[in-house]
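# Coordinate analysis (summary)
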Amino acid sequence: MSISTSRSFVYLTSLLLLWGGCADGDLSRERQGRGSDDASSSTSPFMDVRDNPDPRGPRDVGAIDGGEADIESETSLDGEAGDTGRSYVTPGGDAGQTCELDGDCPTPAATESKCTSDGQCAYRCQPGFANVDGDITTGCGCELTNGGTEICDSRDNDCDGSVDEEFDLQSDPDHCGACGNACNFPNGTGECQNGTCQLTDCDSDWGDCDQNSANGCEVNLTASNQHCGQCGNACDNNNSQTTCAQGTCRLTTCQANFDDCNGNPDDGCEVNVSSDPEHCGGCGLECDRSHTRGVDCNNGSCRLSNGCQPGWADCDGDIRSNGCEQNIDSSISHCGACNNQCDIPNANVSCQQGSCVLDSCRMGYHDLNGNKSDGCEYRCNFQSNDDEPDRNGTDENCDGVDGIRSESVFVATPQNGGDDGNSGRDLDKPVASIGKAIDIASNCNPTCDVLVSSGTYDETVEVEAGVDVYGGYTTNGWERDISTNRTIIKGQKKRALIATNLGEETEYGGITIRGRDYRSGGQSTYAVWVKNTDNENLVLDNARVEAGDGGDGADGSDGVSGDDGSNGSDTGDSNGANGGSAGCGANGGTGGDSTNCGSDNGLRGSAGGDFLSGGGQGGQAGESKCSRITTPDQGGDGKPGKDGENGAQGDGGNGGTDNFGSFSGGFWSGDTSFDGGSGDNGRGGGGGGAGGADQDPISFLKGGGGGGGGAGGCGGDGGDAGRPGGGSFAIVLVDSNVSAQNTTFILGNGGDGGNGGDGGGGGAGGDGGNGGPSTGDPGDGGGAGGAGGDGGNGGGGGGGAGGCGGPAIGLVKAGSSSLDTSNINYRSGSGGSGGDGGNGGQRGGSNNRAPSGDDGCKGPRQNTKSY
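Since the model is a prediction, treat every value here as computed from it, not as a measurement.

Check the secondary structure of the chain and you find four helices and 45 strands. Residues counted as buried form 47% of the 867 residues belonging to the chain. When contacts within the chain are restricted to residue pairs at least 6 apart in sequence, those whose partners lie at least 24 apart make up 63%. Total accessible area on the chain is roughly 38800 Å²; 40% of this is exposed by carbon and sulfur atoms.

Encoded structure:
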């Protein structure tokens, strides 16, 4: 239900911000401020005790943000319906909150909440509490006290927003400045003025000598030695036996530690020489106050009462004579404190504002680390701002490295702190690879040098034009000594250092460049490989170039042995038998058939495709006796077939003759050795001739058939040639001009040539078959068939030649190339051995071997070679 208020309006602000503070049980700002002296707070629109005597809570509620608050009427404390003293209030506008159950609504301090029937949160004050600021959502923080009647107790008893408003604390002598503060003074009278008790008069013979009204008139002027007769009239002449009688000082003798320093008996012994800094220990013995913040006298000795002035100190302990005599802001001997001597190694120093300052380094010394404790720690004689790394490691510009530190990229192995995630531009943040450093250096402006500490770097490096690389540095101080600190580039591919198309001078100094070693595969290895670089734009200075070892060439495969020929078939009748067969086609001839008075000759054996000649000649048939009808008579026997010839042996392979090989496109190839020749096939044997037939008046008898010829054995394959060994090259120049100074070329070893394969053995020839027997009675019948000829044996394959050994060469100049040298030398190295030629294969059925292959040529060892 919505009502308008009769006395005040509720202005609700920032409901959401205040809601949380109330919901968790925190007191509202009214509750927290209860009991304060602030009497200017506004009157609460929720409760006015003077208009509404009901102390249990506010009676009226007002509109929110100009609208009307919704109120659901509830029974008041006295049980009468419609009593709005504790009615629920529903905040309107943005301060309202919707709900479904009573528990959905927060409960600000000292309030009760509920969910109305239309889903809005409503609130009212708990009994005995009131809301002062007009915003029920901040809680009912004011507790009604003293039955709602205002008394002077610094509390808002009636919760009207004002405290002690019925009492004038500015003039009320019973409540002067504060409730209950009555203006009563010992030995005097007073009044309340502007909220402060003022002492207005002292009783007779009493005085307010300390001007502190709080203790009234505290001095009896008739008996006080300090205020004898009147305030401030001290009986200073009474330092021992002095009394104040009837307001008059009476002087006797001086007490210990006191003295009469002004010579005036009227003020007696006026000076305490044990504590007076102007007469410390005796009259006229003054303590020096120079640069002090005060001195005092203690038992007759001068001492500082509040220390020395800033920047000064008492270093000699004599306050009486010279006070704080040392300026510790500027004294080198007492800088910042007594006896703190400024002493920075190898430096000219001063004391500034109490701190030792390094003004400059002494000649020949420099401060690189900025650490004052070790002063000018770096000893160096400055020579020039232009400091190019040199073989002596001289730091000419004294920046801590041989080179220009600010224009360098630093490299160290991972074991020494190198990490490619580092910047590389600081001594303590080196990268781990030379390739990464080159990338960083090429993006410097101007281009940076790359400085590499000792260690082995497993990488193939591609030279970037204009980026110089210098080795030989330590990692603990980055000192350069190329004789003891070896920096090694160890190639991981067939080339270790690659330089192509360099358009400006680029130097690699104090670096060892090591080619990769190979063990097999005939791989060649190149330590430094340069192509299309003119004008000596690549400079090797104080370098060491170590060629790797070439890989051994592969061995040739052995030849395959030839198959044996099969035997010719036997025959037991007048039909000719089949010849033996061979996989290479060197078949035996078929035996002749015995026919009607016309027996056949045996057939010729085959050569298996070798040349144009055939195998063994077939045997002639025996003479038939069919032209005369006579008895007794006998057909002639068939002739045996001829044996097949043996196959020729294969030739041994020829070895390569050019042991230097050749270059093409900047890469080396070895000379070729040749495979062994294959052995020829053996020839098949001829078939046997048939026996002659015999015809009598009453009978006809055929002769025996010829036996089959044996097949020839197949020839063996030649062995394959061995492959050449890989070449070993320290530096290869392809259409390039390079400069090398103070550089050593270490030749590696060429790879050995591979061995030639053995030739395959020839197959054995087959035996000829038996001819058919004669028929009829002895002396009357068909003749016997002839036997087949034996097959020839296959020739053995020739042995393959061995491969040539790879060369070991220090400098290769391919195309138009030159190397400008100064103080260089070549050392070590050996060409690879030639491979052994393979053995020839045996002829079939014998110990006779085909020729072996040639041995490979030995690889040369040579310092320089032009191709």
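Per the counting criterion, the structure on display carries eight salt bridges. Between Glu-546 and Arg-544 there is a salt bridge, with its nearest N and O atoms 2.6 Å apart. By relative accessible area, Glu-546 is classed as buried at 11%. Using a relative accessible area of 26% as the deciding quantity, one classes Arg-544 as partly exposed. Through salt bridges with shared partners, a single network forms among Arg-486, Arg-514, Arg-544 and Glu-546.

A few words on a negative patch on the surface. A cluster of like negative charges, contributed by Asp-558, Asp-675, Asp-717, Asp-720 and Asp-758, occupies part of the molecular surface. Within the element layout of this structure, Asp-720 appears in the loop between strand E38 (700-701) and strand E39 (728-734). When its relative accessible area of 32% is taken as the criterion, Asp-720 is described as partly exposed.

Backbone hydrogen bonds are what pair the strands of a sheet, in a parallel or an antiparallel way. Read from one edge to the other, the open sheet built from six strands follows the order E25-E28-E31-E34-E41-E44, with strand pairing classed as parallel. Here the strands that pair on one side only, and so sit at the sheet edges, are strand E25 (455-458) and strand E44 (825-827). Pairs of neighbouring strands in the sheet enclose a mean axial angle of 15°, with direction left out of account. Bridge analysis of strand E41 (residues 744-746) against E44 gives three bridges, and the strand direction is parallel. Counted as the bridge partner of Phe-745 is Tyr-826 from E44.

With that settled, the discussion passes to unusual backbone geometry. Geometrically, the link from Asn-445 to Pro-446 is a cis peptide bond, its omega value of 0° lying close to zero. Counting through the fold element by element, Pro-446 comes out in the loop between helix H4 (434-442) and strand E24 (449-453). Although it is not a glycine, Ala-110 adopts a positive phi angle of roughly 55°. For Ala-110, a relative accessible area of 12% puts it in the buried group.

Here we come to the packing of aromatic side chains. Think of a pair of aromatic rings as described by two things: how far the centres are apart, and how the planes are tilted against each other in angle. Tallied over the full model, the rule gives nine aromatic pairs. An angle of 15° between the planes, with centres 5.3 Å apart, marks the rings of Trp-529 and Phe-667 as stacked. One end of the pair, Trp-529, is in strand E32 (residues 525-531); the other, Phe-667, is in strand E36 (residues 667-669), and 138 residues separate them in sequence. Owing to a relative accessible area of 24%, Phe-667 belongs among the partly exposed residues under this scheme. Three or more aromatic residues joined by ring pairs form one cluster here, namely Tyr-526, Trp-529, Phe-663, Phe-667, Trp-668, Phe-729 and Tyr-867.

On to the state of the cysteines. For the coordinates displayed, the defined rule picks out 24 disulfides. Shown here is the disulfide that connects Cys-342 with Cys-356, its sulfur atoms set 2.0 Å apart. On the S-S bond that ties Cys-342 to Cys-356, the torsion sits near -90°, and the link is left-handed. Of this pair, Cys-342 sits in the loop between strand E18 (326-327) and strand E19 (347-352) while Cys-356 sits in strand E20 (residues 355-361), placing them 14 residues apart in sequence. Like Cys-356, Cys-342 is buried.

What follows concerns H4. Those residues of H4 that sit buried are Ile-434, Ala-437, Ile-438, Ile-440 and Ala-441. All buried residues of H4 lie within an arc of 165° about the axis, which places them on one face of the element.

Turning our eyes to something else, we now look at the pairing of E20. Sheet topology note: the E19/E20 ladder contains six bridges and is antiparallel. Following the sheet pairing, Ala-347 is matched in E20 by Cys-361. Between the end of E19 and the start of E20, which pair antiparallel, lie two residues, with Gln-353 showing a positive phi angle near 50°.

Now for the nonpolar core. Soluble globular proteins tend to bury their nonpolar side chains together. Grouped together as the largest cluster of nonpolar side chains are 41 residues, with contacts concentrated most on Val-411, Ile-434, Ile-438, Val-450, Val-469, Tyr-508 and Leu-540. Apart from the residues within four sequence positions on either side, Ile-434 is in contact with Val-411, Val-452, Tyr-457, Glu-459, Val-461, Val-469 and Ile-489.

As a further point, take the sheet that holds strand E42 (residues 808-814). Taken in spatial order, the six strands of this open sheet run E26-E29-E32-E39-E42-E45, and their pairing is parallel. Pairing within the sheet leaves two strands with one partner each, and these edge strands are strand E26 (461-462) and strand E45 (861-866). Bridge analysis of E39 against E42 gives six bridges, and the strand direction is parallel. If you follow Val-734 over to E42, its bridge partner there is Ala-814.

This next bit is on the environment of Cys-324. For Cys-324, the position within the fold is in the loop between helix H3 (319-322) and E18. Among the residues examined, Cys-324 registers a relative accessible area of 0% and is labelled buried. Each C-alpha atom, one on Cys-324 and one on Gln-309, is 7.9 Å from the other, the two residues being 15 residues apart in sequence. Look past the residues within four positions of Cys-324 in its chain and what remains in contact with it is Ser-290, His-291, Thr-292, Leu-304, Cys-308, Trp-312, Ala-313 and Asp-314.

This paragraph deals with the side chain of Ser-739. Mapping Ser-739 onto the fold places it in strand E40 (residues 737-741). If we skip the residues at most four places from it in the chain, Ser-739 touches Glu-536, Leu-538, Val-539, Leu-540, Leu-819 and Asp-820.

Within the secondary structure, Ser-442 sits in helix H4. Put simply, Ser-442 and Val-467 are 25 residues apart on the chain and 6.4 Å apart in space, counted from C-alpha to C-alpha. Leave out the neighbours within four places in its chain, and Ser-442 touches Thr-447, Glu-464 and Val-467. Side-chain polar atoms of Ser-442 contact the backbone oxygen of Asp-439, separated by 2.8 Å.

Our focus in this paragraph is the side chain of Thr-111. Within the secondary structure, Thr-111 sits in strand E3 (residues 111-115). According to the relative accessible area criterion, Thr-111 is buried, its value standing at 2%. Those residues in contact with Thr-111 that sit more than four places away from it in its chain are Arg-124, Cys-125, Gln-126, Ile-136, Gly-139 and Cys-140.

Let us look at the environment of Thr-447. Checked against the element boundaries, Thr-447 lands in the loop between H4 and E24. Along the chain, Thr-447 and Val-467 lie 20 residues apart, while their C-alpha atoms are 6.7 Å from each other. Aside from chain neighbours lying at most four places away, what touches Thr-447 is Ala-441, Ser-442, Gly-466 and Val-467.

Further remarks concern the pairing of strand E30 (residues 506-509). Of the two faces of E30, the one carrying Thr-506 and Tyr-508 and the one carrying Glu-507 and Gly-509 are both buried. Of the pairings in the sheet, the one linking strand E27 (residues 469-473) to E30 comprises two bridges and is parallel in character. Across the sheet, the residue bridging to Val-469 is Tyr-508, located in E30. Two elements, E30 and strand E33 (residues 538-541), share four bridges in a ladder whose sense is parallel. Each residue of the ladder has a partner; that of Glu-507, found in E33, is Val-539.

The rules behind each value
Residues numbered from 1 in each chain as written. Predicted model: local features only at pLDDT ≥ 70, side-chain atom pairs only at ≥ 80, totals over all residues. Heavy atoms only, no water. Helix = DSSP H or I, 4+ residues; strand = E, 2+ residues; numbered from the N terminus. Buried < 20%, exposed > 50% of the residue type's maximum accessible area, 1.4 Å probe, protein only. Contact = heavy atoms within 4.5 Å. Areas by Shrake-Rupley, 256 points an atom, 1.4 Å probe, with all protein chains shown as cover. Salt bridge = Lys/Arg side-chain N within 4 Å of Asp/Glu carboxyl O. Patch = residues over 30% accessible without salt bridge, like charges linked within 9 Å, V, L, I, M, F, W, Y side chains within 5 Å. Lys, Arg positive; Asp, Glu negative; His and termini not counted. Charge placed at Lys NZ, Arg CZ, Asp CG, Glu CD. Pairing = 2+ DSSP bridges. Axes fitted to C-alpha atoms, helices over the stretch in contact; angles between N-to-C directions. Phe/Tyr/Trp six-rings, centres within 6.5 Å; stacked < 30°, edge-to-face > 60°. Disulfide = S-S within 2.5 Å. Arc of directions from axis to C-beta. Core = buried A, V, L, I, M, F, W, Y, C linked by side-chain atoms within 4.5 Å. Polar contact = N/O pair within 3.5 Å; in protein donor to acceptor, adjacent residues only side chain to side chain.

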